[in-house]
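# Chain and residue survey
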Amino acid sequence: MSEDGRREGLIWSKLDGGNWSKLWFSLRMNKLHYRLDPEIKTDLGSLEVFGSTIKKIIDPNSFRKNLFEIELKDEEKHLFSCISEEELELWVNSLNFSAPPFEHKKQRRSLDSAFSLQRIQ
């Protein structure tokens with residue numbers, strides 16, 4: 001990750017459970033932007049990673065290696081495959097730095113419910 005909190009590079013991705021595609025990703029602040037090519041300045045989209053869960057995935061049945069998953073706050077999941085284990089580590093570390101996780105979702109729901117009950121009483 002650079003000093004200004006950015007990371008960029010080509011990653012194989014499976015967004016929204018679709019097919020694998022190779023896209024250019026750019027992590028800026030708390031957003032992971034993606035486009036077809038680094039020379040094209042228009043993003044296809046972005047993912048808000050703040051509060052997301054980022055984890056490495058080991059799937060012996062997958063032809064893709066060096067996998068990680070981003071689970072967004074709304075529980076939407078996206079799968080990524082890096083070209084090397086070193087790249088995997090760099091992306092996971094950069095994303096975790098940009099996306100400090102919230103409490104576990106079940107705990108958060110439990111806390112939300114307890115807070116609602118306190119307000120009613």
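Since the model is a prediction, treat every value here as computed from it, not as a measurement. (Residues numbered from 1 in each chain as written. Predicted model: local features only at pLDDT ≥ 70, side-chain atom pairs only at ≥ 80, totals over all residues. Heavy atoms only, no water.)

Time to look at the overall build of the protein. Counting secondary structure elements, the protein contains 2 helices and 7 strands. Taken across its 121 residues, the protein has 35% of its residues classed as buried. Pairs at least 24 apart in sequence give 38% of the contacts found in the protein among residues at least 6 apart. (Helix = DSSP H or I, 4+ residues; strand = E, 2+ residues; numbered from the N terminus. Buried < 20%, exposed > 50% of the residue type's maximum accessible area, 1.4 Å probe, protein only. Contact = heavy atoms within 4.5 Å.)

Bringing the pattern of salt bridges into the picture now. Taken as a whole and judged by the stated rule, the model has 4 salt bridges. A salt bridge links Asp 43 to Arg 28; the nearest nitrogen and oxygen atoms lie 3.6 Å apart. On the criterion of sequence distance, the pair formed by Asp 43 in the loop between strand 3 (31–35) and strand 4 (45–48) and Arg 28 in strand 2 (residues 21–28) is long-range, its members being 15 residues apart. For Asp 43, a relative accessible area of 28% corresponds to the partly exposed category. One salt bridge in this structure joins Glu 69 and Lys 55, with 3.7 Å as the shortest N-O distance. With a gap of 14 residues between them, Glu 69 in strand 6 (residues 67–71) and Lys 55 in strand 5 (residues 53–57) connect regions that are remote in the sequence. (Salt bridge = Lys/Arg side-chain N within 4 Å of Asp/Glu carboxyl O.)

Let us now look at the sheet that holds strand 7 (residues 77–81). Spatial strand order, 4-3-2-1-7-6-5: 7 strands in an open sheet with antiparallel pairing. The strands lining the two open edges of the sheet, one partner per strand, are strand 4 and strand 5. The sheet shows a mean angle of 35° between the axes of neighbouring strands, direction not considered. The pairing of strand 6 with strand 7 spans 5 bridges and is classified as antiparallel. Each bridged residue has a counterpart across the sheet, and for Phe 68 the counterpart in strand 7 is Phe 80. (Pairing = 2+ DSSP bridges. Axes fitted to C-alpha atoms, helices over the stretch in contact; angles between N-to-C directions.)

Moving on, we come to the environment of Lys 31. Relative to the elements of secondary structure, Lys 31 occurs in strand 3. Apart from residues lying up to four places away in sequence, Lys 31 is in contact with Ser 26, Ser 46, Leu 47, Glu 48 and Val 49.

Most often, soluble globular proteins keep nonpolar side chains buried together rather than apart. Ranked by size, the top nonpolar core spans 20 residues in total, and within it Leu 32, Phe 68, Ile 70, Phe 80, Trp 91 and Leu 95 carry the most contacts. For this core, the secondary structure elements donating two or more residues are strand 2, strand 3, strand 6 and helix 1 (85–98). Not counting the four nearest positions on each side in its chain, Ile 70 is found in contact with Leu 32, Val 49, Ser 52, Thr 53, Ile 54, Glu 76, Lys 77, His 78, Phe 80 and Leu 95. (Core = buried A, V, L, I, M, F, W, Y, C linked by side-chain atoms within 4.5 Å.)

Taking every second residue as pointing to the same face, the buried face of strand 4 carries Gly 45 and Leu 47, while none of Ser 46 and Glu 48 on the other face is buried. As judged from the 4 bridges shared by strand 3 and strand 4, these two strands associate in the antiparallel manner. Residue pairing across strands places Tyr 34 opposite Gly 45, the latter belonging to strand 4.

To continue, consider the packing of aromatic side chains. Within the structure shown, the criterion is met by 3 aromatic pairs. Their ring planes at 40° and their centres at 5.8 Å tell us that Phe 25 and Tyr 34 sit as a pair that is tilted. Classification of Tyr 34 by relative accessible area gives buried; the value is 15%. A centroid spacing of 4.9 Å and a plane angle of 15° characterise the contact between Phe 68 and Phe 80, whose relative ring orientation is stacked. With Phe 68 in strand 6 and Phe 80 in strand 7, this pair connects stretches of sequence that are 12 residues apart. Through a chain of ring-to-ring contacts, the aromatic side chains of Phe 25, Tyr 34, Phe 68 and Phe 80 assemble into a single cluster. (Phe/Tyr/Trp six-rings, centres within 6.5 Å; stacked < 30°, edge-to-face > 60°.)

Remember, this is a structural readout, not a statement about activity or role.
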